[in-house]
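As a plain string of letters, each chain reads:
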Amino acid sequence: MASKKPGRPRTSHRPPAADRLFHDMQTQAAHALAADPRNVQALAQEIASIPAGTDPDEALCTLLTMTLDQARMAQEGGQRFGQRCLDAVSRHLADLSRKGAVTMAGTIAIARCYVRAGLPVPAGLEPGEQPTPHQTSPHSAREDTSPEAAFAALSASLLGDIGDDPSILHQTFAEILPGIPPDARSMLCRVAAANPDPRFEQLACAWLLDTSEQVRSAALEGLADRLAAGRLSPRALGRLAVLRSWIVDDPVRRRVDALIRSAIRSGISQDTHIAPSHRIIGCHSSPIDGSGAQSLAIALQKGRSRAIAMVLLKQRFGVKDAYIVPCANAAEQRGLLQQVTTLGGPGDVSLDYVQTALSIALADGRKNAVYPAPGLADVAEACALTTLRPTQDASAQAIVSAYDPQDALASLDPDERETLIAASADWPARYPMVTNWFEDDDDIFDGVKATSTARARATWTWLETRRDFWASIIARTALLLKDQGDPQARSFAVTAHAVSHDTPLQRIPIMAAIVDQTLEASRATSVAGDDDIMALLMNLMAPPPQPAPRQPRDKPARKRVPRKPK
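Residues numbered from 1 in each chain as written. Predicted model: local features only at pLDDT ≥ 70, side-chain atom pairs only at ≥ 80, totals over all residues. Heavy atoms only, no water.

Quick notes on the packing of aromatic side chains
Phase 1 of the analysis: Scanning the model with the defined rule gives 6 aromatic pairs in all.
Phase 2 of the analysis: When the centroid spacing of 5.5 Å and the interplanar angle of 80 degrees are considered together, the rings of tyrosine 431 and phenylalanine 492 count as edge-to-face. Of the two residues, tyrosine 431 sits in the loop between helix H20 (427–430) and helix H21 (452–464) while phenylalanine 492 sits in helix H23 (residues 489–500), which places them 61 residues apart along the sequence. Here the two residues tyrosine 431 and phenylalanine 492 agree in accessibility, since each one is buried. (Phe/Tyr/Trp six-rings, centres within 6.5 Å; stacked < 30°, edge-to-face > 60°. Helix = DSSP H or I, 4+ residues; strand = E, 2+ residues; numbered from the N terminus. Buried < 20%, exposed > 50% of the residue type's maximum accessible area, 1.4 Å probe, protein only.)

Here is the structure:
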């Protein structure tokens, strides 16, 4: 079973309640810092230039990770400061690399920050250190062995530190591969994929979903070497059969299909009746927010051990994250599940709904040429989702069809439709997440006068270009509410159909609410100034106050003073 690496920051998910306030304060500070690229450049330079053999400052790395994460989310939402921040830091790191000012330790630390923020490591980030004379001496050359033997020696200590967790192995390699020269990187991935240890077989399958074409190609070559050596397992063949349809680019998918055919011809049989490796206790879902993000959680149990499979979906990006986190006990498991449904709703959903939501997200990501998170393979295997495939269509109309497979909504008369659409006026009061449905793209108000009338008109014009986006969010919510038995699900489905077609948006109450919430969010954003940003950076990043130390036990007790009689 794959599990979450201890200590790995997951900035998209909320921490335990005791630390939530401090986390939210840090997030605000990181968001403010992302708006000031020069300070982010200085922060990245401080980390990239740490001397060899020195551990990076964890507080600085956490701050940079959170700042990059905020910049990424802003960039995905159309806010220009996010793209400006990411571009400025990438250029600065490339300049430092050309000047030889980036150390090997700094390269690894920077790569770790980018990977944990869900970003590709900037191209051109190379350590300025050169091989030592000992490494290039004729004596050392004579002692060189084959790449396989060298990798085996390297991996022995690596596996000793990591243990039996393949997801931690994948995370570790994701953080160190960018610091390796390209040719050596390809060789390392190929040799690792062919390594006899079964953990590397799972790693190679995960690499087929990597964002780097170089890593995907090397992993395929390593799996072919593994098959030629008679080391490809039926379990790996079953995993390849599932994830082949998740692969975005056709050439890689065709090579995977050829590998599967070769494995079958060689006599490897795939077990199509795979039972879940864990007992599924229950499934939960968060509401869908205004960016199209949704968290799914599957509670798992195996003997006395408990875990949660977490998946983050996001519209236009498909499956953004997926991993399995172990839980110390049932209470911790319940606490993590409660965090998923913090913003309202019962949260409970069926496993069939989870599979449907994942299938739609896979199709959405594939349409936008975005690979799903590699950890989805571990989640699918733990839950025996052997039939998980992308749907043929991820459009709003296709989601409405999934909601209404019998096409019963077509029989509604016009008055019934109008009543169901009018009911969307009540959604913000009934569903807390709907109050967070708004637009925050910087392009909305470009060249628009500052009057409230002009800004409202610009927002309505913008929403006309976003019909498909909002229709999909509303249709996905209809699908979620139907699974939960909510009678308002029909209102969402009919409204989604109206938004995706030619119904005037001004006649749809929820769209008017989105306009109001967009204008309110814009006003709130404009209130914050430079002084507010600096106050956040100076005050919010400090750790929470620690309790006063208790007096030592061997300190003499205070002399008791008798109370005066009244």
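Re the packing of helix H18 (residues 396–403) against H23
Phase 1 of the analysis: Where H18 contacts H23, the axes come no closer than 10 Å and their chain directions differ by 155 degrees. Relative to H23, H18 is oriented roughly antiparallel. Our pair here, H18 against H23, has a crossing hand that is left-handed. Seen from H18, the contacting residues are Ala396, Gln397, Val400 and Tyr403; seen from H23, they are Ala489, Arg490, Ala493, Ala496, His497 and Ser500.
Phase 2 of the analysis: Its residues assigned to classes, the contact of H18 with H23 comprises 6 nonpolar, 3 polar and 1 charged. (Axes fitted to C-alpha atoms, helices over the stretch in contact; angles between N-to-C directions. Parallel < 35°, antiparallel > 145°, perpendicular 65-115°, else oblique. Left-handed = near helix turned anticlockwise from the far one by under 90°. Contact = heavy atoms within 4.5 Å. Nonpolar A, V, L, I, M, F, W, Y, C, P; charged D, E, K, R; others polar.)

Section: the confidence of the model for the protein chain
Phase 1 of the analysis: Averaged over every residue, the pLDDT of the protein chain is 84; the share at 70 or more is 80%.
Phase 2 of the analysis: Below a pLDDT of 50 lies the segment residues 1–18, which in the model reaches 51 contacts outside its immediate sequence neighbourhood of four places, other chains included.
Phase 3 of the analysis: Contacts of residues 129–144 to residues separated by more than four positions or lying in other chains number 7 contacts, the stretch itself having pLDDT below 50. (pLDDT = per-residue confidence, 0-100.)

Here we look at the sheet that holds strand E2 (residues 293–302)
Phase 1 of the analysis: As summarised here, the arrangement of the 5 strands in space is E4-E3-E2-E1-E5, forming an open sheet in which the pairing is antiparallel. The open sheet has two edge strands with one neighbour each: strand E4 (318–327) and strand E5 (348–349).
Phase 2 of the analysis: Where strand E1 (residues 279–285) lies against E2, 6 bridges are found, and the strand directions are antiparallel. When the bridges of E2 are listed, glycine 282 appears paired with alanine 299. (Pairing = 2+ DSSP bridges.)

Observations concerning helix H14 (residues 250–265)
Phase 1 of the analysis: Over its 16 residues, H14 runs 23 Å from end to end, which matches the ideal 22 Å to within 8%, given 1.5 Å per residue.
Phase 2 of the analysis: The positive-phi residue at the C-terminal boundary of H14 is glycine 267, with phi of around 105 degrees. (Expected span 1.5 Å × (residues − 1).)

Notes on the environment of serine 491
Phase 1 of the analysis: Mapped onto the secondary structure, serine 491 falls in helix H23.
Phase 2 of the analysis: A residue is classified by how much of its surface remains accessible, and serine 491, at 2% relative accessible area, is buried.
Phase 3 of the analysis: Taking the C-alpha atoms as reference points, serine 491 and alanine 422, separated by 69 residues in sequence, lie 8.4 Å from one another.

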